[in-house]
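As a plain string of letters, each chain reads:
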Amino acid sequence: MFVNNVHVNNVNASKSVCISLPFYIPLSPHLSLPRSLPTLLSEFLDIWDVNMLRNPDEVNKRQHTTHLYANDHLIVRRGQEFQLKVTFDRPYKPSDDQFAVEFVIGGSPQFSKGTYIPVSVASDRQSPWAGRVLDSADNVVTVGITPAPDCIVGKWRTYVAVVTPYGIRRTRQDESRDVYILFNPWAAADSVFLDDSNEREECVLNEVGVIYHGAFDDVSERPWNFGQFDYGVLDACLFIMDKAAMPITNRGDPIKVARKASAMLNSRDDDGVLVGSWSGDYTYGVAPTSWTGSTEILLNYSSSKMPVCYAQCWVYAAVFNTFLRCLGIPGRVVTNFFSSHDNDGNLKTDIILDENGRIDKQRTKDSIWNYHCWNECYMSRPDLPQGFGGWQAVDATPQETSDGMYRCGPASVQAIKHGQICFPFDAPFVFAEVNSDVVFYSRNPRDGTLEPVKVNSSHVGRMVVTKAPGQDTRRDITDQYKFPEGSPEERTVLEKAEEYGCQREKAILTEADVELDMPLIEVRVGDDFELKLEFNNKSGQARTGDVYVSGNVVYYTGVNSSEFLFKTPKVTLDPMKAEKKVIQVRSQDYMRKLVEQANLHFIATGKVKETGQIVTAMRVVTLHNPKLSVQVSGLAKVSEEMFVTVEFTNPFKFNLEDVYVRVEGPGVMPPKYKHYSLILAGSSLTWTESFNPRREGPTKLMASLDCAALRQVYGQAQLTVMP
């Protein structure tokens, strides 16, 4: 039989310790324990104290770059040594004394599964993790522990055990000795190792992000507090894996962690973190455009154990990014402008025209998102051929199922660029998002057959951007997803993708000799403006035709909400001449129909009478919103009271109702919000809140204003907190 967890009081110890007789020595049922057990044990080491060196200014958190976490426990990164100090009742004698530091994770720890790790400090004993005595002075022994670079990531319990002939003397469980072990992008042996120090600084340690949205040639940006170091966020991220019932043994593999998180960040299938909604009605939650950071979302989820309402793609991506960075996986948010959401495995977005060249809205079902945000995380991919590690695309926005769940990735960005979409996970879907063609079909009214009349191969995946390391500017990473349009490499890649089942439009079409363009215009919400159509006749003959111009209020997903403009100008073009047509757009026509992202989509199509050729042009106009003013006052010093003032003036001729203003800042101010039932036309609001910075360094305060009539209103202020 085994006798375990026998509690005795050692007369020479300062406190009670737990004695556990050896797990590995079977005791005879007839063997009696010595009457003087405490006296005999007094000859052996007794453990008086275990100091985890867990304070932010002590060696461990500084060396492991975890001093920013608002967490009292020890937080270290795997594959790198950390220290603890053990105080015994007498000086440690290496020749006579044996002790080990034990680490345990999960409900039923087992050595064979890597969930029970005994670390011996003796050089003649092998341990799964390295251990050594760094220093021994008087009764205090400083121990160095190096977790394996592939060990389980999570919260480990810590014990110190002394071996005696009578059993193992072990410290009692003490929550203050728990240690969080994270992924380590600084360690070359860790599968998330990122050698570029600037990228690592940005994609692991930066708490303030920029989310890009709008249109590819009129990019808007908004700040976001990832808040990966905020109080409670680390536990919330670990809770996500617990809620998913993810096996403990899988939690050291970043591939499995990222894939599980892509499913768990949305609430489909598994009651994950965020409920998606594109309805415009957010009565029972927070509008996606109102959030200013991830902290409030993650803390609400971990405390309520219920999905949080509501999210759209950039919210999913931003919170996913917090999860990745918090656990030590390098992560970044990317935005793909004109993102195709393909669900049938082809590389075509179909637009159906009638015999006159006008869009058949009843039969045109495909849509292209003005932009779509997803994530990239950095890791090696030992499951793929060499060269496909590095940045991996992952997406938590629930679009299509993968292996029966709403999730996407990790898909190797290198594999996507080279058309190697046969490899896991979900590479064909991401490939189509950046490579689909827009194909215009003419429908025969007699038999309903479709004939391709124009192919636009450069519209989808027009630009992929992310935040530049260490700067508040964007970085174009389109070339990481695909080769230049029309290049030999691009043709080779598309042919390779076709070998794996992706289908493209193969028709060879004669290029039209009339070009149509709608140039960029910048418009503020509520303004009248002119939409210009620029025609260019490149032929030596006159050209005529009817043009159909449709203006629609659209969601950023490309789905039409309502049509507010329809014009049919007639065009006559002289040989080798250009001509402009101007269409007046009135605010009164679109304002009452606006939806939350204030996007107007114009599409012009027509047929040249002399040749039958189709001309088309598309333009997304992102209406620019007014800004919030965010001002900071007071002495910018740790623990000193400061004030933030948010100001806004309603510039419209109508009232704003049911308005929410939010403000927060990593390391300085937790999320706060204020509700205004009414802001009259032309009137202003001023909201001042106090805060006490908890740590030094540069940071930002970011604010949002949100109501049904006005979304995407943001402001921010920078400050540097002194110690």
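Residues numbered from 1 in each chain as written. Predicted model: local features only at pLDDT ≥ 70, side-chain atom pairs only at ≥ 80, totals over all residues. Heavy atoms only, no water.

Looking at an unreviewed UniProt entry, the protein carries the name protein-glutamine gamma-glutamyltransferase, with the source organism given as Salmo trutta. The record held by UniProt for the protein lists under Sequence similarities (unreviewed entry) the comment "Belongs to the transglutaminase superfamily. Transglutaminase family." In the Catalytic activity (unreviewed entry) part of its UniProt record, the protein is described as follows: "L-glutaminyl-[protein] + L-lysyl-[protein] = [protein]-L-lysyl-N(6)-5-L-glutamyl-[protein] + NH4(+)". (UniProt positions renumbered as here; feature names shortened; annotations may be inferred.)

Q: Help me get a handle on the sheet that holds strand S17 (residues 331–340), residues and values and all.
A: Sheet architecture is open: six strands sit in the order S23-S20-S19-S17-S26-S27, paired in antiparallel fashion. The sheet is open, and its two borders are formed by strand S23 (408–412) and strand S27 (474–476), each paired with just one other strand. In this sheet, neighbouring strand axes are inclined to one another by 30 degrees on average, regardless of whether the strands run parallel or antiparallel. Strand direction decides the pairing type here: strand S19 (residues 368–379) and strand S20 (residues 390–395), joined by five bridges, are antiparallel. From the neighbouring strand, Tyr-378 faces S20, where its bridge partner is Trp-391. Here helix H9 (residues 427–435) sits on the sheet and contacts S17, S19, S20, S23 and strand S26 (463–467); the angle it forms with S17, its principal contact strand, is near 60 degrees. (Pairing = 2+ DSSP bridges. Helix = DSSP H or I, 4+ residues; strand = E, 2+ residues; numbered from the N terminus. Axes fitted to C-alpha atoms, helices over the stretch in contact; angles between N-to-C directions. Contact = heavy atoms within 4.5 Å.)

Q: Describe the environment of Ala-311, listing the residues and the values that go with them.
A: Mapped onto the fold, Ala-311 is located in strand S16 (residues 308–311). For Ala-311 and Pro-147, which are 164 residues apart along the polypeptide, the C-alpha to C-alpha distance reads 37 Å. In contact with Ala-311, not counting residues within four places along its chain, are Leu-274, Val-275, Gly-276, Ser-277, Trp-278, Pro-288 and Tyr-316.

Q: Run through the domain arrangement of the protein, naming residues and quoting values.
A: Here the protein is described as being made up of domain 1 (24–182), domain 2 (197–500), domain 3 (514–624) and domain 4 (629–721). Its C-alpha centre places domain 1 at a distance of 71 Å from the equivalent point of domain 3. (Domains from an automatic or database assignment.)

Q: Could you give an account of the pattern of salt bridges, with specific residues and numbers?
A: Side chains bearing opposite charge may pair, as long as their charged atoms lie close to each other. For the structure shown, the criterion picks out 31 salt bridges. When the shortest N-O distance is used, the salt bridge between Arg-170 and Glu-102 registers 2.5 Å. In this pair, Arg-170 is assigned in strand S11 (residues 167–170) and Glu-102 in strand S6 (residues 99–104), connecting sequence segments 68 residues apart. Judged by relative accessible area, which is 5%, Glu-102 ranks as buried. Connected through shared salt-bridge partners, Glu-199, Arg-332, Glu-376 and Arg-475 make up one network. (Salt bridge = Lys/Arg side-chain N within 4 Å of Asp/Glu carboxyl O. Buried < 20%, exposed > 50% of the residue type's maximum accessible area, 1.4 Å probe, protein only.)

Q: Could you give an account of the nonpolar core, naming the residues involved and the relevant values?
A: Trp-224, Leu-274, Trp-314, Val-315, Phe-323 and Leu-327 are the most contacted members of the largest nonpolar core, which has 67 residues in total. By residue number, the principal contributor to this core is helix H7 (residues 313–327), which donates 12 residues. Composition of this core by domain shows at least three residues from each of domain 1 (24–182) and domain 2 (197–500). Apart from residues no more than four positions distant in its own chain, Trp-314 is found in contact with Ile-211, Arg-222, Trp-224, Pro-288, Thr-289, Tyr-371, Cys-373, Tyr-556 and Gln-597. Val-585, Ile-679, Ala-703 and Leu-705 belong to the second largest nonpolar core, which has 60 residues in total. (Core = buried A, V, L, I, M, F, W, Y, C linked by side-chain atoms within 4.5 Å.)

Q: Would you mind going over the packing of helix H5 (residues 254–264) against H7 in detail, with residue names and values included?
A: Between H5 and H7, whose axes approach to 11 Å, the crossing angle comes to 150 degrees. Here H5 lies roughly antiparallel to H7, going by the angle between them. You can see that H5 and H7 cross each other, and the crossing is right-handed. Residues Val-257, Ala-258, Ala-261 and Ser-262 of H5 pack against Phe-320, Phe-323 and Leu-327 of H7. Taken together, the residues of the contact of H5 with H7 sort by class into six nonpolar, one polar and no charged. (Parallel < 35°, antiparallel > 145°, perpendicular 65-115°, else oblique. Left-handed = near helix turned anticlockwise from the far one by under 90°. Nonpolar A, V, L, I, M, F, W, Y, C, P; charged D, E, K, R; others polar.)

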